[in-house]
2 protein chains.
Amino acid sequence: MMASRFCGPIPYGTYEPLDQENFSNKYFGLLTAVGIDKDSGEMSNSWQVKLPPWSYDLSDAGKKVSDGWVFLTCYNSEEAFEQLEVNSIQNEMDYIVCINWKEMEKAANDPATYEMIDGGKVIDPAKVPGGVYLVPCPQSPHGVDVTPDGKYFVGSGKLSPNVTIFGFEELQKAIAAKDFQEPVNGKEVEGMPVINYESVRVAQVEVGNGPLHTQFDDQGFAYTTLFIDSQVCKWSLSDFTVKDKVQVHYSPGHLVMAEGDTCSPDGKYLVSLNKLAKDKYLPVGPSHPESMQLVDLTGEKMKVIYDAPIDPEPHYAQMIKADKIKDKLYGNNSTPGPIVSYPKDENRKGVVYEKDNAKVVRDGNNVTVYMMGVRSSLYPDKIDLVEGDNVTVYYTNKDFDQDITHGLSFTFYNLNVEAQPGETVELKFVANKPGVYPFYCTNFCSPLHQEMQGYMLVKPK
Amino acid sequence: MMASRFCGPIPYGTYEPLDQENFSNKYFGLLTAVGIDKDSGEMSNSWQVKLPPWSYDLSDAGKKVSDGWVFLTCYNSEEAFEQLEVNSIQNEMDYIVCINWKEMEKAANDPATYEMIDGGKVIDPAKVPGGVYLVPCPQSPHGVDVTPDGKYFVGSGKLSPNVTIFGFEELQKAIAAKDFQEPVNGKEVEGMPVINYESVRVAQVEVGNGPLHTQFDDQGFAYTTLFIDSQVCKWSLSDFTVKDKVQVHYSPGHLVMAEGDTCSPDGKYLVSLNKLAKDKYLPVGPSHPESMQLVDLTGEKMKVIYDAPIDPEPHYAQMIKADKIKDKLYGNNSTPGPIVSYPKDENRKGVVYEKDNAKVVRDGNNVTVYMMGVRSSLYPDKIDLVEGDNVTVYYTNKDFDQDITHGLSFTFYNLNVEAQPGETVELKFVANKPGVYPFYCTNFCSPLHQEMQGYMLVKPK
C-alpha cells in the first residue's frame, strides 16, 4: 500500500492552473495497492483509491484483529498550496485515514466503482460505502503504527508533543453506531465519514517534542523518536505512561527494533536512525555522515551502546531474525531464500559459458560481443570495431562461486558494469571515439588480476 | 605521480592495429606528474614521461634520503597483448621503474627533451640521462613501498612468495658505478639502464603466497598482505625475518596503518582491506559486501579485533591523526582544514540569500529560477513553465549551520540534487513533460519538513 506524498491533477501529466478552487477540486492524492505475484515476484498496480488533496505521510497495515485495514497519516487538511510554512498548519487536527482494503479489493472487481486512468483502476470512495473512514488526529501527524496485537493504532504528533492511541475495536463500534463528527477542516468528503474523535481515542501520552515514529518490544512497551528533544521515549501500552527516555545524537526520525513493527517483536535492541550528527564525527568538509545508534533495552534504563555513521537522513530499516534468511548454497532449501549466484541458463540472451563460444559478431555496423569473464581471463580479449559501430556487449561472469563478482570497464568510454556470480549483463554503446582502448575487469579479478584485460580497437571511418 | 595502468598509442584516440610489432613500438605507457596549485587546489598536467608498453601498477614516493625519486612497479615486460594469462607471466623478473622526478622537472623546462602531445609535455627518457633506471624485481610485482626512513623500497612479489628489499644507497652507488645488467626481457630501452639486481637487492623475505602491499609501524616492522594465504605477515626491517602472521577473511589486497606510508608511522593498528568476505555475512543475494578488519598490533601476537562490511574490492585508504583535521567552525584557523559550510558569497552565480530575491525569470523560452532553501521553506514555491522551456535552477541552501544539508527533488523529472550548508547548486533541464509536479526538499528538511515543498506547473504548448 503506497500513499502519494503530495497531490496533483490525475493522471500525472494533466495541467490544471494552481488556485484554491482547482487545488481543492481537481488535485488528488492516491493510495496505490501494489500486487506482488507470489511466483515471479513481479509487481503491478492492482487498484488505487482517489483521495482528497492532502499530503499523505506514513502508513501501516492492520494486524490480527485489525487485519484487512490500512492506516495512513495525513497533513495539510487545510488544502494549502502556497506559503505552506504558515498555511498548512492552521488546523488543530488532521487525520488518520483508515481504509478497509478488503472492501476495496472487492470494489476493484466491480467496474461501477472505478475509472480506468493511465491503465489503473482508480476507485472513488464515494462508491464504496464502508471503505474509508477518517479519524481526527492532532496536528500534522507523522507516523502511524499498529501495536503487535493489532488492537491499537498510534498517531505520532510531530507538531504536538503527544502520541495519540486509538482503539480498533472502538473504531468498529463507532462505525457501526455511525458515531461521526464534523470534519476537522469543514470539508465533507463523500464516502469518507469522520469518526468521532473522543469515541476512538483510548489514550494520549505526552512523550515530548517532535514525536515521529513508534516501534514495539515483546514486553508491552512502545518506543517513540522525539525529533526536537533528540530522545527516544519508552512508554507503556498497559497504563499509557512514560517509563524512560534516552538521549540520542541528534534529531532521530525513524527507528528500528528487532521485528519491532510485526505481530511478534523480539525486543532487546533498537537502532535510532538520526537525521543529524553535527559534532559526532571529525569534520571532513560540508558533506558529512549522519549517525545511527544502537540502544540496549535489556537493563533498567535504556543505554546507547554503539554508534555508526550512515548516509544522510536514514529513512527506513528492518531488523529481522537471521534464521529467516536461508542460504540455498548451504543446502537449506526448505524455505525460499536469497540466491548466492545466478543459476546457469543456456537460454539466457547473450550468455557464454565456454571460451570457445566467446565471439565478436558483425552485422553491417551492428556489432555484438559475447564475452565471458572467468578467473583469470576475459574472452574475447580483442574487439575490432569501426567508428560509428553500434555495439552490444553481453558479459557473463562464469564464476559461480559465492562472492566472485567481476566488474568490467571500458574506461575511456565511461562505461562500467558489474556481473555478479553467474550473471549476464548487457551494455550498449556507439563506438564514436576512434583509437585503441583497454577494457578490463575492475573487481573482483583474481590473484593474477593483470590478466583480465583486453583491447578494443576503434578504426576511424 | 600517476602511472598508466595499461598502454596504448598516444595521444589517446590514435589508431594502431594490434600486433607485436606495433605493440612494442607504437604503444606506450605514461607517467603523469600532476601539479597542484597550492592556493586554488587546482590540478594540471605538469609533464609526462613516455614509458615502454608495460603495465604499470603501484607507485610510491621517496622519503628523506630518497626524496626526489618515485618508484613504480610494472608487469608484462613480456609485452604480450593477447592470452595474457599465459603470455604476460613468462619472465622470471619484471621491473621497478625508478624515476628521478627532480631531473624530469628540470627537463620539462627544456623544449629539447619533450614533445607537446594533447597539450601535455611528454618527455622522452632517452633525452634525459640519469632520469630513469630499471631495477629487476621478481615476477609481476604489485606494490612497491618505501620505508619510513627512505632507505629501502620494498617490492611485493604477487606471483612470487617473497618481498624483495632494495637499498636506495645501493641504487645510487650502482648508478655512479654504471653497475648495469642485461634487460630481463632482452629489450634495451634507450635512457632506461637496467641496474644490476644483485647489487641493489639488500634482502628477500619469504612472507607467504600472494604478497601485494606493505605498510610500516613505528617499531621497525613491516606488514605485508598475502592475498592467497589470506594473511597479513609482520616482518622486521632490522633482520629481515618473519615475526608473526594473522589470518584475515579473506584475500586481503590493500591495508592501511596509522600514517603507515609516511615518514612517521604511528603503529598500534592496521586495517586489512579484504577483497572477499564469502561466509562472513548473512547472504542477501548474489551481491554482497566485502570485509575490512581492524588488527591490534600492541600485543605479543597480532589480533583481529573488529570486522566491518565495505563495498567490493576496497582499493585504498588513509588513516591520519585526528588533530590534523582542523575545524574552522571551532575557531582553530591556524592550519588549513575542512570547511563545514560554504562561505557567503554575494557574487556567486545565481545565489539567493533573501527570500525577496527568490524569483523566476523568463527570457523567451529560457527560464531561470533563483531558489533558496531555508528551514522550513522553499522560495519560490511555484514555478510556472511552458512545455519546451529550457530551465536553469540555481538552488542555494541558506542554512549555514554545520550538517544542515538540503536535498531538492523534481521527482517526476528524475532530477535530484543536494545543496550542502551555504552551497549553491545548478540544475538544467528541458520542461518536456506537461503537467503539475511537486518539488521538495528530500533531506535534511526540518521538524516541519512538510513545508519545504512547492509546485512546478508545465503548461502544454
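Going by the structure above, here's the rest.
Not measured: the values here are computed from a predicted model.

Cut-offs used in this document
Residues numbered from 1 in each chain as written. Chains lettered and ligands numbered in written order. Predicted model: local features only at pLDDT ≥ 70, side-chain atom pairs only at ≥ 80, totals over all residues. Heavy atoms only, no water. Least-squares fit on C-alpha atoms with pLDDT ≥ 70 in both. Contact = heavy atoms within 4.5 Å. Buried < 20%, exposed > 50% of the residue type's maximum accessible area, 1.4 Å probe, protein only. Helix = DSSP H or I, 4+ residues; strand = E, 2+ residues; numbered from the N terminus. Pairing = 2+ DSSP bridges.

Caption draft 1: Geometry of the relation of the copies chain A and chain B. In the superposition of chain A on chain B (RMSD 0.1 Å, axial shift 0.0 Å), the rotation amounts to 180 degrees. Taken together, the rotation and translation relating the two chain copies correspond to the operation of a two-fold axis. Minimal C-alpha separation from the rotation axis in chain A is found for Ala308 of chain A, amounting to 5.4 Å. Taken together, the interface assignments show that 100% of the residues at the interface of chain A recur at the interface of chain B, consistent with an identical surface on both copies.

Caption draft 2: Up close: the pairing of strand S18 (residues 252-257) of chain B. Residues and elements named next belong to chain B. With six of six residues buried, S18 lies mostly within the body of the structure. Inspection of the sheet shows S18 paired to strand S19 (residues 269-274) by four bridges, in the antiparallel sense. Across the sheet, Met257 pairs through a bridge with Leu270, a residue of S19.

Caption draft 3: Quick look at the pairing of strand S23 (residues 366-374) of chain B. All names here are of chain B. Among the nine residues in S23, seven count as buried, and that is most of the element. Bridge count between strand S22 (residues 359-363) and S23: five bridges; the pairing is antiparallel. For Asp363, the partnering residue across the bridge sits in S23 and is Asn366. Taken together, the eight bridges between S23 and strand S26 (residues 390-397) define a ladder with parallel strand orientation. Residue pairing across strands places Val367 opposite Val391, the latter belonging to S26. With three bridges joining them, S23 and strand S24 (residues 377-379) adopt antiparallel strand pairing. Paired with Val374 across the two strands is Ser377, which belongs to S24. Where S23 folds back on S24, the antiparallel hairpin that results is connected by two residues.

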